[in-house]
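# Descriptive structure summary
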Amino acid sequence: MHGKVASPASVDPRAPVRVVIITLDNHLKGAVDRADEVLAPEGIDLALYAASEWGSDAGELDKAKAAIAEADIVIATMLFLDDHIRMVLPALEARREACDAMVCLMSAGEVVKLTKMGGYRMDAPAKGPLALLKKLRGNAGKNGKPNSGAGQMKMLRRLPKILRFIPGTAQDVRAYFLTLQYWLAGSDENVVAMVRALIDRYAAGERMYRRGITKADAPLEYPETGVYHPRTQQRMSESLRLLPREQGKHGTVGLILLRSYLLGRDCAHYDGAIAAFEAAGLKVVPVFASGLDARPAIEAFFVGPDGKPTVDAIVNLTGFSLVGGPAYSDATAAREILGRLDLPYLAAHAIEFQTIEEWANRPQGLLPLESTMMVAMPELDGSTVPSVFGGRAGASGEGCGGCERRCARPASHKARPMQACPERAEALAARTLRLIQLRKSERASRKLAIVVFNFPPNAGATGTAAFMGVHESLFATLQRLAAEGYDVEVPASVDAMRDALLKGNTDRFGTDANVAHRIPADDHVRRERHLAEIEAAWGPAPGKQLSDGGHILIQGAHFGNVFVGVQPGFGYEGDPMRLLFEGSFAPTHAFSAFYRYLREDFGAQAILHFGTHGALEFMPGKQAGMSGKCWPDRLIGDAPNFYLYAANNPSEGMLAKRRSGATLVSYLTPPLAQAGLYKGLV
């Protein structure tokens, strides 16, 4: 069957081949579009449809279904979410018998079993060499755990070489593995070769003449693990020598990237994040691993010969969990390697299921699917400070409409390429820097702010929290800090500490707690970046809450390098929770000034919210995926935030974790409960 390769001019234009790729997102959209331009003169039409588009645009789903209905070859990958499967499975089932081939990779079982390649059908019992196919279908390995990404990739490279010498249907199995190999190393060249290889073997009907004359190159191999940097000519390498030689004056951060973006040349979001970290004074070690298991890259580039970490923090920019991604997340394995490193571990995400502008202007922020994949699943690994740092560019307009910066869009082909969000990337870099600096600082020099709560205000509730003796716990904490090297002036007793905090000069100012500082109204007006929003809600500065008419009052008490502050009330007198339910509202002058005092005037290197719970995480803004316009993000800034939270309240604890960048430290509730009364007795 194999003969001379047909030139583009000799192809019969009446017999085009339509190849359709259905996949999760647009990682490789740019590579596919460029491959389509290469293949078009040969009468081959190639298109990619991403499930990430279907939720926001029903028309995109209709286009995908229509393309499947007319496709000669269908490639389906990364379809493992129930919503996506339900949307497209009937169309795949309807087209399966009529198309030349259907190749379903790395997807849920009901999708994978639709694979039909020549004499091989995935839904038929696997016998002999065909049983090898199960190796890459997520079957459990030893001890019931999924096979490691590195192990699967090793098997993927070996199987085509083994199957090459087995006649019959095993050759279709070999073609399946080769298709997977092409796709996982999805450069422009490999996408072109993948399409040609499938046509060369499976073209049928009026297209059958293409068999044996559609030359396909072998899969190009790229580093399985390596480093990347946009300011180098080679860009990707298996050696750290590729990276720029300059040292970061504040430390080193390890970034974890998805290789598919790099191979598909759609990595402007990574380039922007790298630039932000470097501008913050950090040396950047951006690494990647094939598949969705980052452990090989971590072991190779973040750990020295002595087994000790060579980076000061790790930021996962893949948007997925560390081991297995969304398909088979292995949180236990992730926690094992992260526990050995014992470093700050942050998870950040680039938005794929909506554009940057849509996220920025959506009151909810992240879509439910994004919150699950990009926030909740990495949290199981132990990640903190979930952050947006980039995403898909919008389709129209000269600049990004996500914020007032109006950033220029990256150079575009046919696809909407990825872009950085410089404002969010800078915020992520600043938070990472603060965590590194905190870790490197001497305990005796650290300034720590502890926030206690006063809710409901004016009700004798200052310094209370759910299921916690706040003053006793706070006194024990001050003693422990002093014992471990912090510069703390520990009061003589719990009562002495309570008096210093709750009495002090309260008679003079008529407040619920001691006034530790007074901020002149003029100073507040000059320094408050969002003054107009606050004054629109609460009137001119200094406002009526915690004000003496000319100053804003900061309640609390200093104990050496530890400041215990009382969080201001956060609503109207008589309606203290109103602010929680008005999304377009703003905190009071006193509330905003309190957090600015902690960050800038006192200079807290870390903030500890003491007990369940305060109001910071309930301030107006998005539900998840904070922007620079969200009040929790504005108030906490880049300060490391730690939060003591009752173990019986994970739902509100997640709000604190996701909306205010808090690292939760849980405390147990007492082994008692209020008995209450039967309804009739009440």
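Residues numbered from 1 in each chain as written. Predicted model: local features only at pLDDT ≥ 70, side-chain atom pairs only at ≥ 80, totals over all residues. Heavy atoms only, no water.

### Thoughts on a nonpolar patch on the surface
A grouping of Leu-677, Tyr-678, Leu-681 and Val-682 is seen on the molecular surface, where their side chains present a nonpolar patch of about 560 Å² in accessible area. The class for Leu-681 is exposed, based on a relative accessible area of 63%. (Patch = residues over 30% accessible without salt bridge, like charges linked within 9 Å, V, L, I, M, F, W, Y side chains within 5 Å. Areas by Shrake-Rupley, 256 points an atom, 1.4 Å probe, with all protein chains shown as cover. Salt bridge = Lys/Arg side-chain N within 4 Å of Asp/Glu carboxyl O. Buried < 20%, exposed > 50% of the residue type's maximum accessible area, 1.4 Å probe, protein only.)

### Observations regarding the side chain of Thr-77
Note that Thr-77 resides in strand β3 (residues 73-77). What makes Thr-77 buried here is its relative accessible area of 0%. Only 2.6 Å separates the side chain of Thr-77 from the side chain of Thr-23, close enough to count as a polar contact. With sequence-adjacent residues up to four places away left out, Thr-77 is seen in contact with Ile-22, Thr-23, Leu-24, Leu-105, Ser-107 and Trp-183. (Helix = DSSP H or I, 4+ residues; strand = E, 2+ residues; numbered from the N terminus. Polar contact = N/O pair within 3.5 Å; in protein donor to acceptor, adjacent residues only side chain to side chain. Contact = heavy atoms within 4.5 Å.)

### A look at the pattern of salt bridges
Inspection of every chain in the model, using the stated rule, returns 42 salt bridges. Across the pair Asp-72 and Arg-207 runs a salt bridge whose closest N-O atoms are separated by 3.5 Å. Separated by 135 residues along the polypeptide, Asp-72 in the loop between α2 (58-70) and β3 and Arg-207 in the loop between α7 (188-202) and β7 (225-228) bring together distant segments of the chain. A single burial state applies to Asp-72 and to Arg-207, both of which are buried. Measuring nitrogen to oxygen at the nearest pair gives 3.5 Å for the salt bridge that ties Glu-484 to Arg-443. Taken together, the residues span a long stretch of sequence, with Glu-484 in the loop between α15 (470-483) and α16 (494-502) and Arg-443 in the loop between α14 (422-440) and β15 (448-452) at a distance of 41 residues. In this structure Glu-484 comes out as partly exposed when scored by relative accessible area, which is 31%. It is possible to trace a salt-bridge network through shared partners that takes in Asp-523, Arg-526, Arg-527, Arg-599, Glu-600 and Asp-601.

### A short note on the nonpolar core
In this structure, Leu-255, Tyr-270, Phe-277, Val-315 and Leu-317 are the most contacted members of the largest nonpolar core, which totals 43 residues. What Phe-277 contacts, discounting residues up to four positions off in sequence, is Val-253, Leu-255, Leu-282, Val-284, Val-315, Leu-428, Ala-429 and Thr-432. Formed by 39 residues, the second largest nonpolar core is a distinct cluster that contains Val-32, Ala-35, Val-191 and Tyr-202. (Core = buried A, V, L, I, M, F, W, Y, C linked by side-chain atoms within 4.5 Å.)

So far we have only geometry, and geometry alone does not tell us how the molecule works.
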